[in-house]
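# Close look at the chain arrangement
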Amino acid sequence: MDLSTVSYQKFVRFALEQTKLRTTLTPLPSQEKFKSIKAKDDKSVLKAISFCAPKIRLLRSLTIEDSQSVLVLDFAAFSKPEYDVPIFCANAFTTPSRSIVVLDLNPLYDVTTQHNYKEKYYKKLMPLSEKYSELLPWGGKITSESMKFFSPVVIWTTVASSQPVHDVLFSAFVDYYKAWLELIDETNEEKDESRISLNCEAQHRYLTWRAEKDPGYPILKKLFGETLAKDLVRQFLFDGVDSLGSKTFLDYFPEYRSENGTVNKKRSMVGKSYETRPWNSQGEFIGGNLNED
Ligand code: BLA
């Protein structure tokens, strides 16, 4: 596909417009800091925006577009820790031949074991994943650790790039983002300090995982060099990783400790699995016990 005919800007514009209809967005300092960074290749066009709102700790978007070779969307939104709302996550990596996509409302708590959390947020949303299961089919084996961060409605797909696929992706993005905004609208502030700290730690664990193991990192490193790529990851994409908690990657994921005490560079200690969708239409996990890995 000719990538100059498609773009992820429309996705970002839609999300901002919809959010502004419901709440007040305030730009964050990280937007100023990263908005004018340039890629080394002089071709990729970068757009970085970040905001907060009364119930939203961080809403940020990074797009990298080089219409000759690649389009990247990394869009996420995190509630403030006073709310246990799932994390909106839209990631797409599109080349002229293929698109790798994750679209989800990533749970704060393990939905395979915490049934209340699953019922609270995902029961109503199950029709969403049914709606797209044919056009955006399961993308095949995946880094097993990722499954703990995915919800029963996750769209994980690798598809041949085309205009119709791009249109379906937009439609799915619209549905999932509206669903997330509804959750934000409806959520009530948690007053119990211990529950607030649990929410905070759940976000911190998520940020810690992604800041260390995101599959997009090698590309960011190639485009921006190691120092800037690291700053982009820790201070922009996964902002909060250095402030929401003090645990380290190895505290959360001790299985990654290598013999000399550093973090094992492998993306997965378990390997890749889940050839087919491990959730049934009721949102029950049918992929075995995630915690036995
Ligand atoms: C591949 N990206 C992947 C894969 C997943 C994700 C699951 C398949 C490889 C794997 O099994 O891990 C995305 N994984 C996620 C997300 C979460 C997760 C969103 O655990 C959230 C919890 N992808 C991007 C960005 C880039 C990118 C911003 O989102 C580039 C800047 C690139 N993703 C990218 C590439 C691959 C990939 C190049 C294929 C390479 C690989 O398989 O490692």
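Just above sits the structure.
Given the structure is predicted, the values throughout are model-derived calculations rather than measurements.

## Quick notes on the layout of surface pockets
In this structure, the largest pocket occupies an estimated 770 Å³ of space. Lining the largest pocket are 37 residues, and of these Asn 91, Ile 100, Asp 214, Pro 215 and Gly 216 lie nearest its centre. Among the residues making up the lining of the largest pocket, the classes are represented as 23 nonpolar, seven polar and seven charged. In this structure, the second largest pocket encloses a volume near 530 Å³.

## What about the environment of Leu 58?
The residue Leu 58 is located in strand β3 (residues 56–66) in this model. Residue Leu 58 is classed as buried on the basis of its relative accessible area, which comes to 1%. Each C-alpha atom, one on Leu 58 and one on Ser 79, is 6.9 Å from the other, the two residues being 21 residues apart in sequence. Sequence-distant contacts of Leu 58, defined by excluding residues within four places in its chain, comprise Leu 28, Ser 50, Phe 51, Ala 76, Ala 77, Phe 78, Phe 236, Leu 237 and Asp 239.

## Examining the site of the ligand
Inspection of the region around the ligand gives 19 residues, with Asn 91, Thr 143, Ser 146, Pro 215 and Arg 267 positioned closest. Backbone polar atom of Thr 143 to an oxygen atom of the ligand: 2.6 Å apart, as the coordinates give it. Isolated, the ligand exposes 830 Å² of accessible area, and the fraction of that covered by the protein chains is 87%. A molecule is said to occupy a pocket when more than half its atoms come within 2 Å of that pocket's grid points, and by this definition the ligand occupies the largest pocket. For the shell around the ligand, the elements supplying multiple residues, two or more each, are β4 (70–79), β5 (87–94), β6 (98–106) and β7 (142–143). Looking at the shell around the ligand residue by residue, the classes come out as eleven nonpolar, four polar and four charged.

## Brief notes about the pairing of β4
Burial runs high along β4: ten of the ten residues are buried. Covered by surrounding structure in β4 are Val 70, Val 72, Asp 74, Ala 76 and Phe 78 together with Leu 71, Leu 73, Phe 75, Ala 77 and Ser 79, the residues of both alternating faces. Two strands pair when backbone bridges link them, and β3 and β4 are joined in this way by ten bridges, in the antiparallel orientation. Counterpart to Ser 61 in the pairing with β4 is Phe 75. Hairpin connection of β3 to β4: three residues between the antiparallel strands. The pairing of β4 with β5 spans seven bridges and is antiparallel. Residue pairing across strands places Ala 77 opposite Phe 88, the latter belonging to β5.

Quick notes on the rules
Residues numbered from 1 in each chain as written. Predicted model: local features only at pLDDT ≥ 70, side-chain atom pairs only at ≥ 80, totals over all residues. Heavy atoms only, no water. 1 Å grid on protein atoms, 1.4 Å probe; cavity = no way out; pocket = protein on both sides within 12 Å on 5 of 7 lines; lining within 4 Å. Points joined across faces, edges and corners; volume = space filled by probe spheres on them. Nonpolar A, V, L, I, M, F, W, Y, C, P; charged D, E, K, R; others polar. Helix = DSSP H or I, 4+ residues; strand = E, 2+ residues; numbered from the N terminus. Buried < 20%, exposed > 50% of the residue type's maximum accessible area, 1.4 Å probe, protein only. Contact = heavy atoms within 4.5 Å. Near = heavy atom within 4 Å. Polar contact = N/O pair within 3.5 Å; in protein donor to acceptor, adjacent residues only side chain to side chain. Areas by Shrake-Rupley, 256 points an atom, 1.4 Å probe, with all protein chains shown as cover. Sits in = over half its atoms within 2 Å of the grid points. Pairing = 2+ DSSP bridges.

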